[in-house]
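Residue-level listing of the chains:
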Amino acid sequence: MEEKTQKQIILTGDRPTGRLHLGHYVGSLRRRVELQNSGKFDEINILIADDQALTDNVDNPGKIRDNIIQVALDYLSVGLDPNKTTICIQSALPALHALTFYYLNLVTTARLSRNPTVKAEIQMRGFADEGLPAGFFTYPVSQAADITAFDATVVPVGEDQLPMIEQTREIVEKFNKIYGETLVLPKAMIPENETQRRLPGVDGKAKMSKSLGNCIYLSDDAKTIKKQVNGKMFTDPLHLRIEDPGHIEGNVVFTYLDALCTDEHFAEFAPEYANLEEMKAHYQRGGLGDGVCKKFLINVLEETLSPIRAERAKWEADIDSVYDILQAGTAKAVEKTNGTLARVRSAMRINYFDDRSIVKEWKKVLKESKQ
Ligand code: TRP
């Protein structure tokens, strides 16, 4: 479809497999709220991708069910506003399942095998040895259904999701070529800089993960955060005495400060420095201890997370309202995605019962077959 006249529509989502953490905040949630409030988009849709989460949690549906509320609370508490953003649950959108089924014919298994994200995940989850569930193998196709069902033009995602968007674009192009211009071609929007792209765990490991215990969750209390920073945060192993010159590279305290702190934080909590550059310079020269830096980081984290925590507490006290928000958002999404499915069926000419026009066609077919 013509992009100039196209409405600007965002669709993004998360698998509800756990509470969201600081990595999600820095890499995506913060940006979503900005996009929501920018006024530049006609529609913003966020999908709680429970069906996709089931593709590698088939034996643990309870985990997915429980985490839908955690993720929804995380969304609401960072400032996603249900009046501006539609939050919906994937499994309650039947059009997505139907679209997936049709799109599966537009990709080859060879192409799916080459998807780098799927390849990496197959290794990570041990599917290479245990056997690969067909549903998991084809989840990029279901993600293409998610994206196209909402007519998304922009898909804000982490870098690891680029292969999904690429595959979606191929499906869109193929569909439109065969059946005529029907689906909207989406673009990925990835985080602007390295710090946002991947916030390491507190221990310096590349990724925050529940099993490594190296996360800071948005819903953590102040005490837990302090413990993670003081007890586990990786700094500079060569910085033994305060006077020693310190290293910034790979030092998680400074990585987190890069992602979160502002000059105002310095004015408030460390007025001896005007900004992070000055603090870094002091650390590199020597004479600045890790304890002081960590204390500053804890202040910055508190300043960032305490409003989120307070907002969460309000919603936690009113889960009925969260249910209503999800139900209303999902109802809206059902309508929208059913519309796309109707368009797709009609493009494929399998919309037999929209009207009786095929009766006339069938009669003609029969007449011709007898000639
Ligand atoms: N695959 C995404 C992730 O693991 C979640 C997701 C599902 C998604 N459907 C989507 C993201 C559609 C963007 C658009 O994070």
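Rules of the game
- Residues numbered from 1 in each chain as written.
- Predicted model: local features only at pLDDT ≥ 70, side-chain atom pairs only at ≥ 80, totals over all residues.
- Heavy atoms only, no water.
- Helix = DSSP H or I, 4+ residues; strand = E, 2+ residues; numbered from the N terminus.
- Contact = heavy atoms within 4.5 Å.
- Areas by Shrake-Rupley, 256 points an atom, 1.4 Å probe, with all protein chains shown as cover.
- Lys, Arg positive; Asp, Glu negative; His and termini not counted.
- Charge placed at Lys NZ, Arg CZ, Asp CG, Glu CD.
- Domains from an automatic or database assignment.
- Buried area = accessible area lost by both parts, 1.4 Å probe.
- Salt bridge = Lys/Arg side-chain N within 4 Å of Asp/Glu carboxyl O.
- Polar contact = N/O pair within 3.5 Å; in protein donor to acceptor, adjacent residues only side chain to side chain.
- Buried < 20%, exposed > 50% of the residue type's maximum accessible area, 1.4 Å probe, protein only.
- Right-handed = clockwise from strand over helix to strand, strands pointing away.
- Pairing = 2+ DSSP bridges.

To continue, consider the overall build of the chain. Looking only at helices and strands, one finds 18 helices and five strands in the chain. Dimensions of the chain, computed from the C-alpha atoms along their principal axes, are close to 100 × 45 × 40 Å. The long-range fraction of contacts in the chain, counting pairs at least 24 apart against all pairs at least 6 apart in sequence, stands at 76%. A total of about 19000 Å² of accessible surface is found on the chain, and carbon and sulfur atoms cover 53% of it. Across the chain, the mean location of the 47 positive side-chain charges is 7 Å away from that of the 53 negative side-chain charges.

Bringing the domain arrangement of the chain into the picture now. As far as domains go, the chain holds domain 1 (9-198 + 319-361) and domain 2 (222-315). Between domain 1 and domain 2, the residue contacts involve 16 residues of the former and 12 residues of the latter. Interface area, domain 1 with domain 2, both sides summed: about 1200 Å², of which 70% is carbon and sulfur. If you sort the residues of domain 1 by the area they bury against domain 2, Leu22, Ser77 and Thr195 come out on top, with a joint share of 42%. Our enumeration of links across domain 1 and domain 2 arrives at one salt bridge. Note that Asp74 is salt-bridged to Arg312, the shortest N-O span being 3.2 Å. Here domain 1 is connected to domain 2 by three residue pairs in polar contact (both at pLDDT 80 or more). Of all the elements in the fold, those that place two or more residues in the side of domain 1 that touches domain 2 are helix H1 (22-38), helix H3 (61-78) and helix H17 (319-348). Ranked by residues supplied to the side of domain 1 that touches domain 2, first place goes to H3 with six residues.

Below, the discussion takes up the pairing of strand E2 (residues 43-48). With five of its six residues buried, E2 lies for the most part within the structure. This β-α-β element, strand E1 (residues 9-14) to H1 to E2, shows right-handed connectivity. Here E2 runs beside strand E3 (residues 86-89); their pairing, made up of four bridges, is parallel. The residue bridging Ile46 from the neighbouring strand is Ile87, located in E3.

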